[in-house]
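# Structural characterization, general
Here is how the chains run, residue by residue.
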Amino acid sequence: GSVYGAAEDVARVAQQVLQDGGFEAWHKPGVALDELLAFAPEALLVVTSTTGMGELPGNIQNLYYALRDRFPAWSGLPGAVIALGDSSYDVFCGGGEQMRELLLELGVREVLPMLRLDASESVTPETDAEPWLTDFIAALHG
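The following paragraphs examine the structure supplied in this document. (Residues numbered from 1 in each chain as written. Predicted model: local features only at pLDDT ≥ 70, side-chain atom pairs only at ≥ 80, totals over all residues. Heavy atoms only, no water.)

Take the pairing of strand 1 (residues 44-48) next. By the criterion of burial, strand 1 is predominantly enclosed, with 4 of the 5 residues buried. Relative to strand 2 (residues 78-85), strand 1 runs parallel, the two sharing 5 bridges. Counterpart to Leu45 in the pairing with strand 2 is Ala80. A crossover links strand 1 with its parallel partner strand 2, the connecting element being helix 3 (residues 58-70), and its sense is right-handed. (Buried < 20%, exposed > 50% of the residue type's maximum accessible area, 1.4 Å probe, protein only. Helix = DSSP H or I, 4+ residues; strand = E, 2+ residues; numbered from the N terminus. Pairing = 2+ DSSP bridges. Right-handed = clockwise from strand over helix to strand, strands pointing away.)

Structure (structure tokens):
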């Protein structure tokens, strides 16, 4: 989920890092739940920014509501969330928190704590995410 493109940049880097780590990674902004289910993920990484008063961006809201309404059987599916936000706002990484809570309700097994990337501290979130992504790959292989 992205408003100005930073989360999409992070997702593109994540896709490349995961592919370099031996995974078949797939990234699609605004993906529909049926498309995601057709891909049959063996692990899930959600990258989303936060907008407004801590909400999910518009291009990921349909996926969020579809997940909430259809409740796919993802019990034990390994996954994690990368959240982008700005700590100068009242709600920091609220979009990521919403997605993380829903994934946990769906039974996704969080293999790493959510990464919070702060726009007030960095202008290169895609680079800042790389060490965490390396740990994510190690957790998936482990």
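Let's pick the thread back up.
Let's shift gears to the packing of helix 3 against helix 4 (residues 94-105). Here helix 3 crosses helix 4 at 25°, and the two axes come no closer than 10 Å. Taken together, the axis directions place helix 3 and helix 4 in an arrangement best described as roughly parallel. Between helix 3 and helix 4 lies a crossing whose hand is left-handed. Contacts from Ile60, Tyr64, Leu67 and Arg68 in helix 3 reach Gln98, Met99 and Leu102 in helix 4. (Axes fitted to C-alpha atoms, helices over the stretch in contact; angles between N-to-C directions. Parallel < 35°, antiparallel > 145°, perpendicular 65-115°, else oblique. Left-handed = near helix turned anticlockwise from the far one by under 90°. Contact = heavy atoms within 4.5 Å.)

Moving on, we get to empty space enclosed by the protein. Evaluated as defined, the whole model comprises 1 cavity of 30 Å³ or more. Size it by volume and the largest cavity reaches roughly 50 Å³. Lining of the largest cavity is provided by Gly79, Ala80, Val81, Arg100, Leu103, Leu104, Val108 and Glu110. Sorting the residues of the lining of the largest cavity by element identifies strand 2 and helix 4 as the ones contributing at least two each. (1 Å grid on protein atoms, 1.4 Å probe; cavity = no way out; pocket = protein on both sides within 12 Å on 5 of 7 lines; lining within 4 Å. Points joined across faces, edges and corners; volume = space filled by probe spheres on them.)

Glancing now at the layout of surface pockets. As a volume, the largest pocket reaches approximately 880 Å³. If you trace the largest pocket, you find 39 residues lining it, with Trp26, Phe39, Ala43, Leu44 and Leu45 closest to the centre. Of all elements in the fold, only helix 1 (6-20), helix 2 (33-39), strand 1, helix 3, helix 4 and helix 6 (130-141) reach the threshold of two or more residues within the lining of the largest pocket. Looking at the lining of the largest pocket, the element that brings in the most residues is helix 1, giving 6 residues. Its residues assigned to classes, the lining of the largest pocket shows 28 nonpolar, 6 polar and 5 charged. Estimated volume of the second largest pocket: approximately 540 Å³. As for the second largest pocket, its lining consists of 24 residues, and the residues nearest its centre are Ser49, Thr50, Gly85, Asp86 and Ala119. At the level of elements, helix 1, strand 2, strand 4 (115-118) and helix 5 (125-128) are the ones that each hand at least two residues to the lining of the second largest pocket. Looking at the lining of the second largest pocket residue by residue, the classes come out as 11 nonpolar, 9 polar and 4 charged. (Nonpolar A, V, L, I, M, F, W, Y, C, P; charged D, E, K, R; others polar.)

Remember, this is a structural readout, not a statement about activity or role.
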